[in-house]
Every structure is written in structure tokens, then in C-alpha cells.
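Letter by letter, the chains look like this.
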Amino acid sequence: MTDGLSRRRLLAGAGTVASGAVLGGVAGASRGDGVSGADAVGELPLRWNRTYSNATYNGATSVVEGDDGLVVLGQSGAQPTGIPGWLFGADATSGDGEWMATIANAESQRRPTFQEHVPAVDGDGYALLGMATRSGTVAFVRTGPDGDVQWWRTYESDSGGDGGLLARDVIASADGYVIAGTDVRSGSASGLVVRVGPEGEERSRTRLFTDRQSEILSVVPDGDGYVGTAAIQDSSGGQATIRSVVFRAGANDEVQWREAFTAPTEDAALAQNQLVDIAPAGDGYVAAGFAASRSLDTFDGWVLSVDGSGSQRATRRLSPEPATRFSAVADTADGTVVAGQGGESAGAQTGVGVVGELGDGLEANWSRTVSVGATNNVRDVTGTADGGVALAGITQYQSEGADPRSEAWLVKLGGDDAPQVTATAPSTDAPSSTATATPSRTPTPSPTPSPTATATATATPAPTDEAMPTRTEPEETTAGDGAGFGVGAALAAIGGTALYERVRDGD
């Protein structure tokens, strides 16, 4: 790993504080009481809770555990729009930052918002997925194990000037990668799967669920195919309802089975039902997301488990906070872990990160909130080899005088013991109610040149200053302006539907 040190910047870190919470929920019904903190079953202890920054705007979106520790994907820059991405490595036991590599393409100013990263198909590096929303293009980047960019591919809509692609997830397959998201054409949208080879060369595109407005939200490998979740819009009586579909597709992307679900209620189904992340769980799958009423007076986390053929095993709405949405789920040795964001209401300007563990029947074992600044959002969760759980996301500060305005954020629960590190918001910003440690200065390293990417595989149009989203669901970003929790804006429409989360371009 020493060959890449001259091209790295260390993202220095300091950490945050967690507080106990109750994860309420009742299977097959609406919200209810869960276990209390005193009765929590095997709650994982907080090891450390850290923030990382080397610019004014910073945020993390995805975390995986590599051979040498945690590898985190995020972005940093002097402004909330058009900023480069990065990979950085952190020690999985202590959380100390160890290396950083900038992810940027010197031949294009269409800087994407990075969504996900996975280990490369050959096991020697990482594959990064992003999207440039204004231009409707998808970026797919391969790096080495130290973050050095090896190639950069761009995929564009094949429907002409009125079309665009949205990228939501990526998995490695036997002979390349599967990219999942949405194909937007003339105001309508359908689920999209793009298969690419190990060097990023495009092999096929398949549109799924074309009979309805639809979007594929998450996929996981399953034998020679994959299992995923999609959001599908149904219209009746002039009103739209969003249902979630769990499906399996084979090696040729043909759908082999599909099951539609809405969150459990005592009355009629809620208007918004979206499972935004899915993970394998034993011989089945567990998915997490949110359910909301049309008026947004109800906004709950939602978790569903199914067997290997998509039949429901358990379903629950869970609300550790009055308004809750889950953005990530992972199956660990101890149970299912869900994570996301909670707030006092759907329109609240502040929010806390939430994380909890569920049993086999999705009953609550324990939960807690985590925070640093005024607005905190857990974007990703993964189990670690030492039996712990790592969370990645973003914390934002309200004060316009705060520097940084937002920070990348990592939390470790359970696993190997380590000195507990805590952090609070900058002194110019009002700290969160759970942040009680004394603020400490975060060292900021000097920047180094970004690695030069290879030429993109497709023609590059005129440069466009690509914006980072300021309020989306589930993509919270480095922007610090505007409302914090903002779930109402998270349901803004694309193409006249209420199915998609528009990324605000700042124009």
C-alpha cells in the first residue's frame, strides 16, 4: 500500500456521543411499544463515534470492510456543489483515519454524487457508483485497493435529449457488475438494470416493471441472479399510492418472481411504502425503508422479512422517533440491524441518527440515537469481522458560521474494545441534545493532487457544474443549507409522480 501514499490525504477524525432510545413497533399493526433501554437484549456498546473533514462540506455515503479495515466512500469540497469524491481507510478497531484518495475525473467537470461502492469483482480494489442528476448520466469508477483510479466509465440515456438515468445500487456478479436504478423518459420512469463487464464495458440494458411508474432501489446477489426491491406507483381515483415490490431476476434479467407489499396498518394502506435497502438473512431476505401517509402526519420506519421465494415472514413499522425513516439494513450474527434518521416531525429542521437491532421476528432487541450536529443521517450500515457494526453518514451544523458546515461521520458499535472517542459540534453551532463531550479541534491536512482518471468510455458533453443534493431520501449529502430532516421534500416528484426523490440542482 505504500505506492499510493504520495497521492493520499489523511482525513483526520474526532468522534461523537450516543444516547439510548426505544424502538417502538408491533408486527402487523401500526406503531406500538418496544423494549425499553433497561430491558434491551444484548445492546452493542458504543466503541467510538467520529467525524472526519478536510473541507467546508463533507459527507460519507457508503462503508464496507476490507482486508485492512473500513473503507468509506464520500465527498468533500469548499462548496456543496460540484465537489470531488474520495475513498478513505479507517482502522476498524479505533476508527483512526489511515489513508485517503481523491476520486475525480480531470477530463470532465460533471462530478457525480457517489452512492455506493463494493469490492471489485477480482477482489483487488473497489467499484464506485455515482450519478450526475442534471445531465442524467451514471458514473462507474474502478479503483485499486488504495483508491487509485484505474478507469472511469459514463453511461448515458439512449432515449434522446429528454431522457436520463438514475443510479441507486451496484453489485458484483460472476463476470462483471449489475447496476440498478431508473430509466426516465418523457416524464415517465421504469426500473433499469445495466450489466457491465469487469472493465466497465456495457453489455446490456433491461427495463423492468415497464407497465407502471417504477424504480429499482436496492439489489443483492442471489446465485446466478439477484434479489431486489422496487417502488411501483398505482393510481386509483386520481390519487397515487406507492407500493414496494420484492423480486428475483435471473442471469438474463428476466423476473422470476415478484411480491408487492405495503407497510402494516390497522386501516387502509399508507400512500408511501418504500423499501430502500435489502440484505440476505439466512435462507431469505430482510428489507428496510419507510412508510408515510399522504399528508405526512405519519412517517415511520418499515422493516420486512421474506423467505427465498418472496413470501412474507414478518413485517413491522418501527418508530424510535416521531418521524423515522430507515436507509440501510444489515444481517449480523446477532440479528438484523437497521439504521437511518429520526426527527420530531416530517418537516423538522433537525434530526438524529437512529440504529437498532431486531430479532428473527423483527421484534426490537435494542435501539439508540446517535448525533453530533443539528442534523444527522446514517446512510449505510455493515457488520464487522469482530462482531460489531459500523455506521456511515453525514452530520450537518445549523450555523452559517460553522466551519466545517458538515462532516463525514462514522460510528462503531460492539466488536473489539477501543478507547471511546467522542465529539461535538463546532463551538459556533448549537450542539445536539445528546452531544455532551467537550469540543475538540479536528486537524485538517493540506490537500494533495487528485489522481488522474482514464478517459471516459463515452463522449463527454460540455462541462456542467453538477450539484450535490441538499435534501433527498435516502441520499443525504454534504450540503448544509435548507431544511434538515425534510422528508416532505424527499418525496418530491420526477415526471409528475410522487415516486422519486429529486436531487436539487441548486439552479
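Reading the values: rules and limits
- Residues numbered from 1 in each chain as written.
- Predicted model: local features only at pLDDT ≥ 70, side-chain atom pairs only at ≥ 80, totals over all residues.
- Heavy atoms only, no water.
- Pairing = 2+ DSSP bridges.
- Helix = DSSP H or I, 4+ residues; strand = E, 2+ residues; numbered from the N terminus.
- Axes fitted to C-alpha atoms, helices over the stretch in contact; angles between N-to-C directions.
- Buried < 20%, exposed > 50% of the residue type's maximum accessible area, 1.4 Å probe, protein only.
- Phe/Tyr/Trp six-rings, centres within 6.5 Å; stacked < 30°, edge-to-face > 60°.
- Salt bridge = Lys/Arg side-chain N within 4 Å of Asp/Glu carboxyl O.
- Contact = heavy atoms within 4.5 Å.
- Polar contact = N/O pair within 3.5 Å; in protein donor to acceptor, adjacent residues only side chain to side chain.

So, on to the sheet that holds strand S6 (residues 69–77). Taken together, the 4 strands give an open sheet; going across it, the order is S5-S6-S7-S8, and neighbouring strands pair in antiparallel fashion. If you trace the sheet from one side to the other, it starts and ends with strand S5 (57–66) and strand S8 (97–103), each paired once. If you compare each strand with its neighbour and ignore which way they point, the axes differ by 25° on average. Sheet topology note: the strand S7 (residues 85–90)/S8 ladder contains 6 bridges and is antiparallel. Opposite Leu 87, over in S8, you have Ala 101 as the bridge partner.

Let us look at the pairing of strand S10 (residues 126–132). Buried residues dominate S10, accounting for 7 of its 7 residues. Of the two faces of S10, the one carrying Tyr 126, Leu 128, Gly 130 and Ala 132 and the one carrying Ala 127, Leu 129 and Met 131 are both buried. Bridge count for strand S9 (residues 113–119) against S10 is 6 bridges, and the pairing is antiparallel. Bridge pairing in S10 places Pro 119 opposite Tyr 126. With antiparallel pairing between neighbouring strands as the criterion, S9 and S10 make up a hairpin whose turn holds 6 residues, including Gly 123 at a positive phi of roughly 80°. Here 7 bridges tie S10 to strand S11 (residues 137–143), and the two strands are oriented antiparallel to one another. Bridge assignment links Met 131 to a residue of S11, and that residue is Val 138. What sits between S10 and S11 in their antiparallel hairpin is a turn of 4 residues, with Gly 136 showing a positive phi close to 65°.

Applying the stated rule across the entire model yields 8 aromatic pairs. Seen in terms of ring centroids, Phe 114 and Trp 152 are 6.2 Å apart; in terms of plane orientation they differ by 70°. Their pairing is edge-to-face. Here the residue Phe 114 occupies a position in strand S9, and Trp 152 occupies one in strand S12 (residues 149–155), the gap between them amounting to 38 residues. In terms of burial, Phe 114 and Trp 152 fall into one category: buried. Judged by centre distance (6.3 Å) and plane angle (90°), the ring pair of Tyr 226 and Phe 247 falls under edge-to-face. With Tyr 226 in strand S18 (residues 225–236) and Phe 247 in strand S19 (residues 239–249), the pair connects residues that are 21 residues apart, well separated along the chain. Neither Tyr 226 nor Phe 247 differs from the other in exposure class; each is buried. Through pairs of rings, three or more aromatic residues link up here, namely Tyr 52, Trp 86 and Phe 88.

Attention shifts here to the pattern of salt bridges. Within the structure shown, the criterion is met by 20 salt bridges. For the salt bridge of Glu 43 with Arg 368, the shortest nitrogen-to-oxygen distance reads 3.3 Å. Separated by 325 residues along the polypeptide, Glu 43 in the loop between strand S3 (25–27) and strand S4 (46–52) and Arg 368 in strand S28 (residues 364–371) bring together distant segments of the chain. You can call Glu 43 partly exposed: its relative accessible area is 31%.

Examined against the element boundaries, Glu 199 turns out to sit in the loop between strand S15 (188–196) and strand S16 (202–208). Given a relative accessible area of 44%, Glu 199 falls into the partly exposed group. Sequence-wise, Glu 199 and Arg 153 are 46 residues apart; in three dimensions their C-alpha atoms are separated by 9.0 Å. What Glu 199 contacts, discounting residues up to four positions off in sequence, is Trp 151 and Arg 153. For Glu 199, the side chain forms a polar contact with the side chain of Trp 151, separated by 3.3 Å.

This paragraph deals with the sheet that holds S9. Across the sheet, 4 strands lie side by side as S9-S10-S11-S12; this open sheet has antiparallel pairing. The open sheet has two edge strands, S9 and S12, and neither has a second partner. When the angles between neighbouring strand axes are averaged without regard to direction, this sheet yields 20°.

For the rest of this paragraph, the subject is the environment of Ala 120. Here Ala 120 lies in the loop between S9 and S10. Each C-alpha atom, one on Ala 120 and one on Tyr 177, is 8.9 Å from the other, the two residues being 57 residues apart in sequence. Filtering out sequence-adjacent residues up to four positions away, Ala 120 remains in contact with Gly 125, Tyr 126, Ala 127, Arg 142 and Tyr 177.

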